[in-house]
Amino acid sequence: MREERHARAHLAISSVGACAALLWFALTANHHLGDGLFFVLAGTAALAGLLSTEVQGRLNLSAAFAVSLLAAAFLGPAAAFAVSMIGEGADWIRVRHPWRSVLMNIGGVGLPGLAAGAFFPDVDSTSLKFAVALGVAACAALTFNFLYISIAMAIRDGRPLRTAVRHPLDLLPVFGINVALTIALAELYAQSGLAAMTF
């Protein structure tokens, strides 16, 4: 009975997050979903999803995160969500997560990209301010993802929330690699354009 209550609570949280993300996407979808950069990022996310590495069962080391943040910075929230979901779809093909986990990931992965795209400042992409803003957005998105997934899984498993959200120090290198990769790819695109990304 207790496990059933935990499962229902996990499903409720995952459903709310997924519905919020899908609604946000529907309200912000625009012409950027047809841009050349979007298709390059979507293809990269799909490939990255097939090759991602799971760290401690909660955080993936994958270029899919980096390209979703690039979509947020250059194309806006809807493109960021779509790119991240394409990456998640490819990851599902590789791992075949249960449908409850898929529902959880729609919110846990999609909402950070949507927020990053919605609140990313309008600054010159070749400036230091852009790199700093992207780094801050990447850190915020990773932190949100970590907390969302950790809390949802703790509720599902009946574990204390305090221990679930405690940030293990050994995850910091994973955070750093993801943030550095995001900034490096953004700088590459800003300096060299779409040709560099397709290469």
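The structure this text deals with has already been given above.
Below, the discussion takes up the overall build of the protein chain. What the protein chain contains, in helices and strands, is nine helices and two strands. Ordered by position from the N terminus, the helices and strands of the protein chain form the series α-α-β-β-α-α-α-α-α-α-α. Taken over 199 residues, the protein chain has a buried fraction of 44%. In the protein chain, 76% of the contacts between residues at least 6 apart in sequence involve partners at least 24 apart. For the protein chain, the accessible surface area stands at approximately 9,900 Å², while carbon and sulfur atoms represent 68% of it.

In this structure the tally under the stated criterion is six aromatic pairs. Relative to F81, the ring of F25 lies with its centre 5.2 Å away and its plane at 35°, an arrangement referred to as tilted. Of this pair, F25 sits in helix α1 (residues 2–28) while F81 sits in helix α4 (residues 77–95), and the two are 56 residues apart along the sequence. For F81, a relative accessible area of 4% gives the class buried.

Attention now goes to the environment of I177. Mapped onto the elements, I177 comes out in helix α8 (residues 172–192). Counting along the chain gives 114 residues from I177 to A63, while the straight-line C-alpha distance between them is 9.8 Å.

With that out of the way, let us pick up helix α6 (residues 128–157). With 30 residues, α6 should cover 44 Å at 1.5 Å per step; its first-to-last C-alpha distance of 43 Å lies within 8% of that length. One or two steps after α6, the chain reaches G158, where phi turns positive at roughly 75°.

The geometry of α6 relative to α8 is characterised by a closest axis approach of 9 Å and an angle of 145° between their N-to-C directions. For the crossing formed where α6 meets α8, the hand is right-handed. Here α6 contributes F130, A131, L134, G135, A138, C139, L142, T143 and F146 to the contact with α8, which in turn contributes F175, N178, V179, T182, I183, A186 and E187.

We now examine the side chain of S68. With respect to the helices and strands, the residue S68 is situated in helix α3 (residues 63–75). Judged by relative accessible area, which is 5%, S68 ranks as buried. Other than its neighbours up to four places away in sequence, S68 contacts A80, V83 and S84.

To continue, consider the packing of α4 against helix α5 (residues 99–119). Helices that pack against each other are described as a pair by the angle of their axes relative to one another and the distance between those axes. Across the interface, α4 lies against α5 with an axial gap of 8 Å and an inter-helix angle of 150°. Relative to α5, α4 is oriented roughly antiparallel. Along this stretch, α4 crosses α5, giving a crossing that reads as right-handed. Taking contact as the criterion, the partners of P77, A78, A80, F81, S84, M85, E88 and W92 in α4 are, on α5, V102, N105, I106, V109, G110, G113, L114, G117 and A118. When grouped by side-chain class, the residues that make up the contact of α4 with α5 number eleven nonpolar, five polar and one charged.

If you look at the biggest cluster of nonpolar residues, it comprises 34 residues, and the most contacted ones within it are F38, L41, L69, V83, F120 and L134. Residue assignment for this core shows that the elements contributing at least two residues are α2 (36–51), α3, α4, α6 and α8. If you look at the next biggest cluster of nonpolar residues, it comprises twelve residues, including A18, F81, L111 and M153.

Calculation criteria
Residues numbered from 1 in each chain as written. Predicted model: local features only at pLDDT ≥ 70, side-chain atom pairs only at ≥ 80, totals over all residues. Heavy atoms only, no water. Helix = DSSP H or I, 4+ residues; strand = E, 2+ residues; numbered from the N terminus. Buried < 20%, exposed > 50% of the residue type's maximum accessible area, 1.4 Å probe, protein only. Contact = heavy atoms within 4.5 Å. Areas by Shrake-Rupley, 256 points an atom, 1.4 Å probe, with all protein chains shown as cover. Phe/Tyr/Trp six-rings, centres within 6.5 Å; stacked < 30°, edge-to-face > 60°. Expected span 1.5 Å × (residues − 1). Axes fitted to C-alpha atoms, helices over the stretch in contact; angles between N-to-C directions. Left-handed = near helix turned anticlockwise from the far one by under 90°. Parallel < 35°, antiparallel > 145°, perpendicular 65-115°, else oblique. Nonpolar A, V, L, I, M, F, W, Y, C, P; charged D, E, K, R; others polar. Core = buried A, V, L, I, M, F, W, Y, C linked by side-chain atoms within 4.5 Å.

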